[in-house]
Amino acid sequence: MTPHAPSYYAATAHSLAEQPPLAGDVSADVVVIGGGFTGLSAALHAAEAGFSVVLVEANRIGWGASGRNGGQMIPGMRWSALELEEQFGTDQARQLVSLANEAGARVRERIARHSIRCALRQGHFHAACRPAHLYDMRRELDWLERNLSYDGGRIIQAADVGEYVASPIYHGGLYDRNGGHLHPLNYALGLAQAALDAGVRIFEATPAQDLDHGGPVRVTTPRGQVTGRFGVLACDAFMGSIDKRLGRMTMPVANYNVATAPLLSDQAAALIPSGAAVSDSKFVLNYYRLSSDNRLIFGGGEKYTPTPPRDIQAFVRPYLEQVFPQLKNVSIDYTWGGLVGVTLNRLPDFGRRGDCFYAHGWSGHGVLLTTLAGELIADAMRGHAERFDLLASLPKRPFPGGPLLRHPLYVLGMLWFALKDRL
Ligand SMILES: Cc1cc2nc3c(=O)[nH]c(=O)nc-3n(C[C@H](O)[C@H](O)[C@H](O)COP(=O)(O)OP(=O)(O)OC[C@H]3O[C@@H](n4cnc5c(N)ncnc54)[C@H](O)[C@@H]3O)c2cc1C
């Protein structure tokens with residue numbers, strides 16, 4: 001069985017009994033493909049709604065982005081409320097932002113209900129890299145307060161940034177007490193345990209190789225077949241492995257993280273006095289937080305070619321030292337990377353293919369939205385599809401250029417935005 005990629009998370013994962021590979025043919029009401037947050041949440045919600053559920057995972061539970069991410073619970077969607085309003089009008093923007101805000105509450109409820117030990121901490125600080133970004137954050141918070149009576153956020157002036165994060169490069173920011181951070185692999189493993197307890201049958205080391213989308217749904221794996229009334233496609237950056245058409249809706253972009261050696265507790269407290277997750281306002285953003293054992297977990301830079309950097313530490317370290325010059329030459333104990341499924345417009349792609357529901361393309365913003373997505377998929381199976389359909393109505397377009405050109409065209413586009421970060 002492919003183990004979890006070596007990382008700080010794999011080294012500190014709680015145990016979950018290995019689940020057997022599928023051998024033989026089985027049937028269920030619902031067959032879920034993919035054992036990350038999206039698939040696990042859909043499986044758990046569907047089981048709670050009374051469906052029998054089988055989940056197949058190609059590797060181990062949490063092997064994909066869900067077990068490797070920055071653990072940042074970033075409120076909202078990748079688009080600001082103002083961008084959503086400009087594109088879709090005030091009513092729809094209100095509905096979308098309310099849904100996104102609900103996502104954070106859902107994750108916290110799951111953690112509490114199943115006593116998932118995943119080092120949950122409160123607070124997210126969005127750090128402004130330019131004065132103009134702080135101005136945009138103020139307008140955003142005004143919108144949230146005016147339209148949704150939102151009371152979770154507060155604007156932090158440049159002079160007060162040090163109370164949140166000890167970096168010299170920021171011009172203020174937006175602190176949101178409804179954000180936070182967690183140990184993502186332990187959250188995924190906790191969801192899997194809850195799903196098993198609810199009766200979900202999980203098969204690890206079971207890649208779906210072929211899919212019949214309906215009447216009934218049929219999933220073929222190396223040593224058996226699963227037949228179901230409904231399917232859930234939850235493979236995010238790997239969606240192309242089971243559905244080529246959906247695979248063209250996202251681009252897998254590699255992102256890298258490091259975890260330092262544990263810092264002394266007063267050094268850690270001085271670095272991020274708020275204890276919040278921090279992400280900054282660059283297009284290719286830096287994001288970081290403290291772990292429960294006082295390591296700095298830091299992600300920075302993106303790579304648009306499939307080959308990983310020869311040395312992840314050397315790739316990420318300059319970003320880390322730019323944010324925290326006081327950590328020059330800090331020891332780094334773990335490095336790892338993962339694939340982010342990015343859509344062309346950076347909004348998630350929800351929809352149906354026959355009797356299969358899918359949700360993917362979180363564009364680096366999936367820690368909160370995925371848990372809610374699972375709930376919306378289960379609701380849709382029960383005939384309550386309004387909220388699923390709202391997200392499915394978001395505009396979607398495949399990457400242009402066909403299989404050969406889409407990657408070079410995308411790289412050109414991204415390099416342009418990355419250059420704007422530096423101008
Ligand atoms: C390095 C990194 C940092 C990130 N940081 C953040 C962050 O701080 N905050 C945030 O909000 N988001 C972040 N993200 C994004 C977030 O992790 C994802 O949006 C989220 O985890 C997606 O969950 P998922 O369940 O849809 O997909 P995944 O977790 O990728 O799960 C998909 C699963 O499907 C399985 N699979 C694939 N193909 C098949 C098949 N054919 N048959 C069976 N199984 C299959 C895979 O093995 C995998 O386990 C980050 C992502 C990465 C990679």
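The structure under discussion appears in the preceding block.
Overall, the coordinates contain 17 aromatic pairs when judged by the stated rule. Taking the centre distance of 5.7 Å and the plane angle of 65° together, the rings of F350 and F388 count as edge-to-face. In this pair, F350 sits in strand β16 (residues 349-353) while F388 sits in helix α11 (residues 386-392), placing the two residues 38 residues apart along the sequence. In this pair, the class of F350 matches that of F388, namely buried. Connected via pairs of aromatic rings, a cluster forms that spans F51, F230, F350, F357, W362 and F388. One residue, R68, lies across the ring of W63, its end atom 4.7 Å from the ring centre.

Following both chains from N to C, one finds helix α3 (residues 81-88) and helix α4 (residues 90-113) inclined at 140°, their axes separated by 7 Å at the closest point. Taken together, the axes of α3 and α4 lie oblique to each other. Considering the relative orientation of α3 and α4, their crossing is right-handed. In contact with A81, L84, E85 and F88 of α3, α4 contributes T90, Q92, A93, L96 and V97. Tallied by class, residues from the contact of α3 with α4 come to six nonpolar, two polar and one charged.

On to the side chain of T221, then. Position of T221 among the secondary structure elements: in strand β9 (residues 217-221). Taking relative accessible area as the criterion, T221 reaches 4% and is therefore assigned buried. Residue contacts for T221: discarding those within four places in its chain leaves L22, T206, P207, A208 and Q209.

With that settled, consider the nonpolar core. Within the largest apolar cluster, 78 residues are counted, with the highest numbers of intra-cluster contacts made by V30, V53, L84 and Y187. Of all the elements, helix α10 (residues 366-381) adds the most residues to this core, at ten residues. Other than its neighbours up to four places away in sequence, V30 contacts A46, F51, S52, V53, V54, F230, V232 and M381. V165, A268, I272 and I312 belong to the second largest nonpolar core, which has 30 residues in total.

Moving on: unusual backbone geometry. Omega for the bond connecting G215 with P216 falls within 30 degrees of zero, at -10°, which places this linkage in the cis form. By secondary structure assignment, the location of P216 is in the loop between β8 (210-212) and β9. At N294, a position not held by glycine, the phi torsion is positive, near 65°. As for its placement among the helices and strands, N294 is situated in the loop between β13 (287-290) and β14 (296-303). N294 sits in the partly exposed class, given a relative accessible area of 23%.

A word on the pattern of salt bridges. Considering all chains together, one arrives at 19 salt bridges under this definition. Taking the shortest distance from any N to any O, the salt bridge between E204 and R60 comes out at 3.1 Å. Note that E204 is positioned in the loop between β7 (201-203) and β8 and R60 in the loop between β2 (53-56) and β3 (72-73), a separation of 144 residues in sequence.

Rules behind the numbers
Residues numbered from 1 in each chain as written. Predicted model: local features only at pLDDT ≥ 70, side-chain atom pairs only at ≥ 80, totals over all residues. Heavy atoms only, no water. Phe/Tyr/Trp six-rings, centres within 6.5 Å; stacked < 30°, edge-to-face > 60°. Helix = DSSP H or I, 4+ residues; strand = E, 2+ residues; numbered from the N terminus. Buried < 20%, exposed > 50% of the residue type's maximum accessible area, 1.4 Å probe, protein only. Lys NZ or Arg CZ within 6 Å of the ring centre and 35° of its normal. Axes fitted to C-alpha atoms, helices over the stretch in contact; angles between N-to-C directions. Parallel < 35°, antiparallel > 145°, perpendicular 65-115°, else oblique. Left-handed = near helix turned anticlockwise from the far one by under 90°. Contact = heavy atoms within 4.5 Å. Nonpolar A, V, L, I, M, F, W, Y, C, P; charged D, E, K, R; others polar. Core = buried A, V, L, I, M, F, W, Y, C linked by side-chain atoms within 4.5 Å. Salt bridge = Lys/Arg side-chain N within 4 Å of Asp/Glu carboxyl O.

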